[in-house]
Amino acid sequence: MVTFLVALLALILGYVIYGRVVDVIFSPTDKPTPALVHDDGVDYIPLPTWKVFMIQLLNIAGLGPIFGALQGALWGPCVYFWIVLGTIFAGGVHDYMSGMISLREDGKSISEVVGNHMGKTMLFIMRIFSVVLLVLVGTVFATGPAMLIDGKLLSLGSVGAIKIWLIIILVYYFLATLLPIDTLIARFYPLFGVCLIVMAFGIMGAMLAGVGGHVMPEMVLANLHPKDMPIWPLMFITVACGAVSGFHATQSPMMARCLKDERLARPVFYGAMVSEGFIALVWAAAGVTFYESTGGLGAVLASAGPGGVVYDICVGFLGPVGAALALLGVVACPITSGDTAFRSARLTIADWLGLDQKSTNKRLALALPILGIGAVLTQMDFSIIWRYFSWTNQTLAMIVLWTGSVYLYRTFRGKIYYIIGMIPATFMSAVTVTYILQAKEGFGLSTDVTYPVGIAAAALFLFLFLRTTVLRHE
């Protein structure tokens with residue numbers, strides 16, 4: 001219990017102290033934001049700050065901080081360490097930078113932002129990369145909720161029930177992608193947010209109260225994975241959205257088009273990431289507490305999947321009524337990320353092609369094929385899609401962190417402000433390169449090769465960054 005409370009306090013202090021440091025570095029101004037300059041009644045719409053925060057939180061808090069944190073808990077309470085440090089020094093910085101830079105560049109999609117600072121080659125790569133990631137996210141966040149709804153909430157009791165729920169979810173995604181952002185998303189997200197917040201605080205309260213006789217274990221810096229899977233780099237990829245996530249960079253520009261003041265960037269972007277870190281911390285703690293051992297957690301994950309684990313924990317800690325509300329919150333998380341994933345894919349392609357999106361027909365021309373591809377991908381193996389999503393997601397985070405570092409160097413030349421992006425960018429470079437070399441969906445190489453090569457690759461990226469920025473102008 002003590003370890004969990006210390007981790008929770010660290011997240012709060014991280015927002016108060018380090019979040020303030022990042023905000024001071026960027027020096028927000030009273031310059032009119034894209035929402036005020038380009039108000040089009042569709043994507044650029046000034047919204048109340050609390051709504052922008054809630055939408056940002058629900059956009060980024062998909063299955064990652066729940067399913068990812070539960071699977072990260074297989075390594076034991078040491079996962080707290082990554083969730084806290086990753087959220088404060090990597091995820092929060094990543095989300096703030098992607099949101100603030102977009103805010104200062106007319107609310108452009110992250111692919112355009114990266115291209116503006118990293119060159120035409122990276123612009124092309126990022127356009128493809130972003131669209132692929134967003135469609136994968138939309139697909140994962142349609143299949144996951146459909147399985148959870150049919151398995152635990154509103155089962156239709158037939159072989160094709162999950163497909164029926166998939167169709168219902170995809171129809172909603174289509175409408176959320178097509179209609180103005182204040183028609184569905186800004187209207188219903190506060191309700192979903194209540195479910196999400198009640199779920200997180202309810203489970204945390206039950207754990208702290210020792211409901212069911214469960215005792216929260218203290219953190220140990222040891223590998224407790226039941227299959228002895230290495231912590232590096234697997235845990236850092238598995239937790240994903242609960243510590244740092246490239247997907248967030250695709251969502252931040254969408255809210256940059258709705259924010260009324262630059263000075264609100266810290267509570268909206270950095271604050272939403274810290275809130276997601278809290279959600280991940282709660283679920284990681286629940287995973288290691290409820291089953292009393294990583295072996296017990298691993299057995300249920302293997303037999304019932306993360307959805308089954310979520311159900312067990314909700315019922316065990318909150319009872320039937322509380323479990324229903326908590327499960328609604330868990331279902332709302334991926335759905336409120338999946339809809340905006342497809343919406344962000346539309347905006348990314350629109351920025352790419354230079355298509356104005358005020359016209360319904362032009363939005364329709366992009367929304368239909370995007371959702372069509374997503375519908376086809378839902379027929380693939382969910383676990384395969386999730387694994388590729390996880391690596392793609394963290395690779396995008398690495399690219400965005402390097403982009404933010406370049407932006408900070410060019411904007412504040414002569415000062416070392418770029419270090420707040422450079423350090424996590426270097427770390428994530430080592431994580432992503434090591435993982436793709438080691439994972440079975442990658443090259444499947446041994447750790448004797450992947451560890452030194454991953455570190456060498458990160459060192460090379462760091463050298464290239466310094467050579468093209470600091471060293472070039474000395």
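Every value quoted in this text rests on a predicted model; they were computed, and no experiment measured them.

1. Details of the overall build of the protein
- Counting its secondary structure elements, the protein contains 17 helices and zero strands.
- When its C-alpha atoms are laid out on the principal axes, the protein stretches across 60 × 50 × 40 Å.
- Contacts in the protein between residues at least 24 apart in sequence constitute 84% of all its contacts with a sequence separation of at least 6.
- Only carbon and sulfur atoms are counted for the fraction: they give 70% of the accessible area of the protein, which is about 17500 Å².
- The positive charge centre, built from 27 side chains, and the negative charge centre, built from 25, are 7 Å apart in the protein.

2. Some remarks on the nonpolar core
- In this structure, Phe26, Tyr173, Ile203, Trp283, Ile313 and Leu408 are the most contacted members of the largest nonpolar core, which totals 154 residues.
- Top contributing element to this core by residue count: helix H13 (residues 294-353), with 18 residues.
- Contact partners of Leu408, with chain neighbours within four places excluded, come to Ile25, Phe26, Met97, Tyr417, Tyr418 and Ile420.

3. With respect to helix H1 (residues 2-26)
- An ideal rise of 1.5 Å per residue puts 36 Å on 25 residues; H1 measures up with 35 Å between its terminal C-alpha atoms.
- The principal kink in H1, of about 35°, is found at Gly14.
- Looking only at H1, the buried set comprises Thr3, Phe4, Ala7, Leu8, Leu11, Gly14, Tyr18, Gly19, Val22, Asp23, Ile25 and Phe26.
- Looking one or two residues past H1, Ser27 carries a phi angle of roughly 50°, positive in sign.

4. Considerations on the packing of aromatic side chains
- On inspection of all chains with the given rule, the structure shows 19 aromatic pairs.
- Ring geometry for Phe26 and Tyr96: centres 5.1 Å apart, planes at 70°, overall edge-to-face. Taken together, the residues Phe26 in helix H1 and Tyr96 in helix H5 (residues 79-103) connect sequence positions 70 residues apart.
- The class of Tyr96 is buried, set by a relative accessible area of 0%.
- A centroid spacing of 6.0 Å and a plane angle of 65° characterise the contact between Tyr409 and Tyr418, whose relative ring orientation is edge-to-face.
- Here Tyr418 falls in the buried class, since its relative accessible area comes to 10%.

5. A closer look at the layout of surface pockets
- Roughly 460 Å³ of internal volume is contained in the second largest pocket.
- Forming the walls of the second largest pocket are 20 residues, and the residues nearest its centre are Met118, Trp402, Val406, Leu464 and Phe465.
- Those elements giving two or more residues to the lining of the second largest pocket turn out to be helix H6 (110-118), helix H7 (120-153), helix H15 (382-411) and helix H17 (447-468).
- Ranked by the residues each element gives to the lining of the second largest pocket, the list is headed by H15, at seven residues.
- When the residues that make up the lining of the second largest pocket are grouped by side-chain class, the tally is twelve nonpolar, five polar and three charged.

6. Things to note about the side chain of Asn59
- Summarising the element assignment, Asn59 is placed in helix H3 (residues 49-60).
- Within the structure, Asn59 has its side chain in polar contact with the side chain of Thr340 (distance 3.1 Å).

7. Things to note about H6
- In terms of burial, H6 is a largely internal element, seven of the nine residues being buried.
- For H6, the set of buried residues is Ile110, Ser111, Glu112, Val113, Val114, Gly115 and His117.
- One or two residues past the end of H6 sits Gly119, with phi positive at roughly 105°.

8. Here we look at the packing of helix H9 (residues 185-209) against helix H12 (residues 265-290)
- Where H9 contacts H12, the axes come no closer than 10 Å and their chain directions differ by 40°. Of the possible angle classes, the one that applies to H9 and H12 is oblique. Judged by the sense of rotation from one axis to the other, the crossing of H9 with H12 is left-handed. Every residue of H12 that contacts H9 at Leu196, Met199, Ala200, Phe201, Ile203, Met204 and Met207 is listed here: Phe278, Ile279, Val282, Trp283, Ala285, Ala286 and Thr289.
- Among the residues making up the contact of H9 with H12, the classes are represented as 13 nonpolar, one polar and no charged.

9. Looking at the pattern of salt bridges
- Per the counting criterion, the structure on display carries seven salt bridges.
- For Asp43, the salt bridge goes to Arg343, with nearest N and O atoms at 2.8 Å. Note that Asp43 is positioned in the loop between helix H2 (34-37) and H3 and Arg343 in helix H13, a separation of 300 residues in sequence. As far as the burial class goes, Asp43 and Arg343 line up, both buried.
- Among the salt bridges present, the one from Glu112 reaches Arg127, with a minimum N-O distance of 2.9 Å. Separated by 15 residues along the polypeptide, Glu112 in helix H6 and Arg127 in helix H7 bring together distant segments of the chain. Residues Glu112 and Arg127 agree in their burial class; the two are buried.
- Bridged by salt links that share partners, the residues Asp43, Arg343 and Arg346 form one connected network.

10. Re the side chain of Thr3
- Mapping Thr3 onto the fold places it in helix H1.
- Side-chain polar atoms of Thr3 contact the side chain of Glu218, separated by 2.4 Å.
- If we skip the residues at most four places from it in the chain, Thr3 touches Tyr80, Glu218 and Met219.

11. Examining the packing of helix H16 (residues 419-438) against H17
- For the pair H16 and H17, interaxial distance at closest approach is 8 Å and the crossing angle is 145°. Taken as a pair, H16 and H17 cross one another with a handedness that is right-handed. Contacts from Met422, Thr426, Ser429, Ala430, Val433, Thr434, Leu437 and Gln438 of H16 reach H17 at Thr447, Thr450, Tyr451, Val453, Gly454, Ala457, Ala458, Phe461, Leu462, Phe465 and Leu466.

12. Brief notes about the UniProt feature "domain: CstA N-terminal" (unreviewed entry) in the protein
- Annotation from UniProt places "domain: CstA N-terminal" (unreviewed entry) at residues 2-142 and 163-283.
- With 62% helix and 0% strand, residues 163-283 has end C-alpha atoms that lie 28 Å from one another.

13. Points about a nonpolar patch on the surface
- A cluster of nonpolar side chains, Leu9, Ile12, Leu13, Val16, Ile17 and Val21, forms an exposed patch at the surface whose accessible area comes to about 520 Å².
- Inspection of the secondary structure assignment puts Ile17 in helix H1.

14. Structural notes on empty space enclosed by the protein
- For the structure shown, the criterion picks out one cavity of 30 Å³ or more.
- Quantified by volume, the largest cavity comes out at close to 40 Å³.
- Along its surface, the largest cavity is lined by Ser109, Ile110, Thr250, Pro253, Met254, Arg257, Ser344, Leu347 and Thr348.
- Elements represented by at least two residues in the lining of the largest cavity include exactly helix H11 (247-256) and H13.
- Of the residues assigned to the lining of the largest cavity, the class counts are four nonpolar, four polar and one charged.

Conventions and cut-offs
Residues numbered from 1 in each chain as written. Predicted model: local features only at pLDDT ≥ 70, side-chain atom pairs only at ≥ 80, totals over all residues. Heavy atoms only, no water. Helix = DSSP H or I, 4+ residues; strand = E, 2+ residues; numbered from the N terminus. Contact = heavy atoms within 4.5 Å. Areas by Shrake-Rupley, 256 points an atom, 1.4 Å probe, with all protein chains shown as cover. Lys, Arg positive; Asp, Glu negative; His and termini not counted. Charge placed at Lys NZ, Arg CZ, Asp CG, Glu CD. Core = buried A, V, L, I, M, F, W, Y, C linked by side-chain atoms within 4.5 Å. Buried < 20%, exposed > 50% of the residue type's maximum accessible area, 1.4 Å probe, protein only. Expected span 1.5 Å × (residues − 1). Bend = angle between axes of the 7 residues up to and from the residue. Phe/Tyr/Trp six-rings, centres within 6.5 Å; stacked < 30°, edge-to-face > 60°. 1 Å grid on protein atoms, 1.4 Å probe; cavity = no way out; pocket = protein on both sides within 12 Å on 5 of 7 lines; lining within 4 Å. Points joined across faces, edges and corners; volume = space filled by probe spheres on them. Nonpolar A, V, L, I, M, F, W, Y, C, P; charged D, E, K, R; others polar. Polar contact = N/O pair within 3.5 Å; in protein donor to acceptor, adjacent residues only side chain to side chain. Axes fitted to C-alpha atoms, helices over the stretch in contact; angles between N-to-C directions. Parallel < 35°, antiparallel > 145°, perpendicular 65-115°, else oblique. Left-handed = near helix turned anticlockwise from the far one by under 90°. Salt bridge = Lys/Arg side-chain N within 4 Å of Asp/Glu carboxyl O. UniProt positions renumbered as here; feature names shortened; annotations may be inferred. Patch = residues over 30% accessible without salt bridge, like charges linked within 9 Å, V, L, I, M, F, W, Y side chains within 5 Å.

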